[in-house]
Amino acid sequence: GNSVTQMEGPVTLSEEAFLTINCTYTATGYPSLFWYVQYPGEGLQLLLKATKADDKGSNKGFEATYRKETTSFHLEKGSVQVSDSAVYFCALSMTTDSWGKLQFGAGTQVVVTP
Amino acid sequence: NAGVTQTPKFRVLKTGQSMTLLCAQDMNHEYMYWYRQDPGMGLRLIHYSVGEGTTAKGEVPDGYNVSRLKKQNFLLGLESAAPSQTSVYFCASSYWNTDTQYFGPGTRLTVL
């Protein structure tokens, strides 16, 4: 079946440091890929997405590129802020799936210190 | 425009008790979903609905029932709560199956 694997946390960084969160996937077919973010005490919200190979999703200074050859969708940000402290989830869905199921990774907690 | 709301925010149950979680969305979305979030496991789909009057099972449906009598509401029921159902429950909705899912703030349920 389809699955998503992302690096374990917590990831602790200083403000203005570079952030990378690795995400790889296994899927039969061509999934759409997503990064969701969950701030403390809140629900998940979409951060960015990419629907086909070589697409780059970007939002709020975060970027991720859909790499079909390495089945990866790593999340990056050049200079993190304390407000980026959150749990980040990588997810996929299959466009052929009639019910739009999202398959989530386990989540990576990011802690940014001043 | 409130988006997706969930009621209640917190609940503590004793084993064997029943309860209903309510999800409401005001975006006229067709698709609605119930997930549970457990540490180290991401989110797992419990049940979903592709329109008013329809429901279907997700990955982990055992012990739960759902109903979608109105397009804007999706109810999740626990008939006889068990400690294994201690979790954070999230509702989500979307226009169609390939669209972005919008999540509610969650319900933290503890079963003693």
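Quick summary incoming for the structure in this document. All values derive from a computational prediction rather than experimental measurement.

So, how was this worked out
Residues numbered from 1 in each chain as written. Chains lettered and ligands numbered in written order. Predicted model: local features only at pLDDT ≥ 70, side-chain atom pairs only at ≥ 80, totals over all residues. Heavy atoms only, no water. Disulfide = S-S within 2.5 Å. Helix = DSSP H or I, 4+ residues; strand = E, 2+ residues; numbered from the N terminus. Buried < 20%, exposed > 50% of the residue type's maximum accessible area, 1.4 Å probe, protein only. Contact = heavy atoms within 4.5 Å. Polar contact = N/O pair within 3.5 Å; in protein donor to acceptor, adjacent residues only side chain to side chain. Buried area = accessible area lost by both parts, 1.4 Å probe. Salt bridge = Lys/Arg side-chain N within 4 Å of Asp/Glu carboxyl O. Nonpolar A, V, L, I, M, F, W, Y, C, P; charged D, E, K, R; others polar. Pairing = 2+ DSSP bridges. Axes fitted to C-alpha atoms, helices over the stretch in contact; angles between N-to-C directions.

Here we come to the state of the cysteines. All chains considered together, the criterion is met by 2 disulfides over all chains. Residue pairing for Cys23(A): its cysteine sulfur links by disulfide to Cys90(A), the two sulfurs lying 2.0 Å apart. Residues Cys23(A) and Cys90(A) are joined by a disulfide whose S-S torsion is about -70°; by sign, that bridge is left-handed. Of the two residues, Cys23(A) sits in strand E4 (residues 23–26) while Cys90(A) sits in strand E10 (residues 86–94), which places them 67 residues apart along the sequence. One disulfide in the model links Cys23(B) with Cys91(B); its S-S distance is 1.9 Å. Here Cys23(B) and Cys91(B) share a disulfide; its torsion about the S-S bond, -75°, makes the bridge left-handed. Of the two residues, Cys23(B) is situated in strand E3 (residues 19–25) and Cys91(B) in strand E9 (residues 87–94); the sequence distance between them amounts to 68 residues. When sorted by exposure, Cys23(B) lands in the same class as Cys91(B), which is buried.

So, on to the environment of Thr107(B). Residues and elements named next belong to chain B. Within the secondary structure, Thr-107 sits in strand E11 (residues 107–111). Once the C-alpha coordinates of Thr-107 and Gly-16 are considered, the two residues, 91 residues apart in sequence, prove to be 19 Å apart. If near-sequence neighbours (up to four positions away) are discounted, Thr-107 is found in contact with Gln-6, Thr-7, Pro-8, Lys-9, Leu-21, Ser-87, Val-88 and Tyr-89. In terms of polar contacts, Thr-107 uses its side chain to reach the backbone carbonyl oxygen of Pro-8, at 2.5 Å.

Opposite the 20 residues of chain A that make contact, chain B presents 20 residues. Counting each side, the surface lost to burial between chain A and chain B is near 1600 Å², with a carbon and sulfur contribution of 56%. In this assembly, chain A and chain B are joined by 0 salt bridges. Put simply, chain A and chain B have 3 residue pairs in polar contact (both at pLDDT 80 or more) between them. Mapped onto the side of chain A that touches chain B, the elements with two or more residues apiece are strand E5 (31–38), strand E6 (44–50) and strand E11 (103–104) of chain A. At 3 residues, the largest contribution of residues to the side of chain A that touches chain B is made by E6(A). By residue class, the composition of the side of chain A that touches chain B is 8 nonpolar, 8 polar and 4 charged.

All names here are of chain A. Spatially, the 4 strands line up as an open sheet ordered E3-E9-E8-E7, and their pairing is antiparallel. The open sheet is flanked by strand E3 (19–21) and strand E7 (56–59), the only strands paired with a single partner. Taking each pair of neighbouring strands and ignoring which way they run, the sheet shows an average axis angle of 15°. In this structure, E3 lies alongside strand E9 (residues 75–77), joined through 3 bridges in antiparallel fashion. By the bridge assignment for E9, Leu-19 is matched with Lys-77.

Turning to the pairing of strand E5 (residues 43–49) of chain B, a few remarks are in order. Residues and elements named next belong to chain B. For E5, a buried count of 6 out of 7 residues is recorded, marking the element as mostly surrounded by other parts of the structure. Across 6 bridges, strand E4 (residues 31–37) lies against E5 in antiparallel orientation. Counted as the bridge partner of Met-32 is Ser-49 from E5. In this antiparallel pair of consecutive strands, E4 and E5, the connection spans 5 residues, and Gly-40 shows a positive phi of 75°. Across 2 bridges, the pairing between E5 and strand E6 (residues 56–57) is antiparallel. Of the residues in E6, the one forming a bridge with Tyr-48 is Ala-56. The hairpin turn running from E5 into E6, its antiparallel successor, is 6 residues long, and Gly-53 in that turn takes a positive phi close to 85°.

All names here are of chain B. Pairing in this open sheet of 4 strands is antiparallel, and the strands run E1-E3-E8-E7 from one edge to the other. In this open sheet, the two edge strands, each paired with only one partner strand, are strand E1 (4–7) and strand E7 (65–67). If you compare each strand with its neighbour and ignore which way they point, the axes differ by 20° on average. The pairing of E7 with strand E8 (residues 73–78) spans 3 bridges and is antiparallel. In the strand pairing of E8, Asn-65 is matched with Gly-77.

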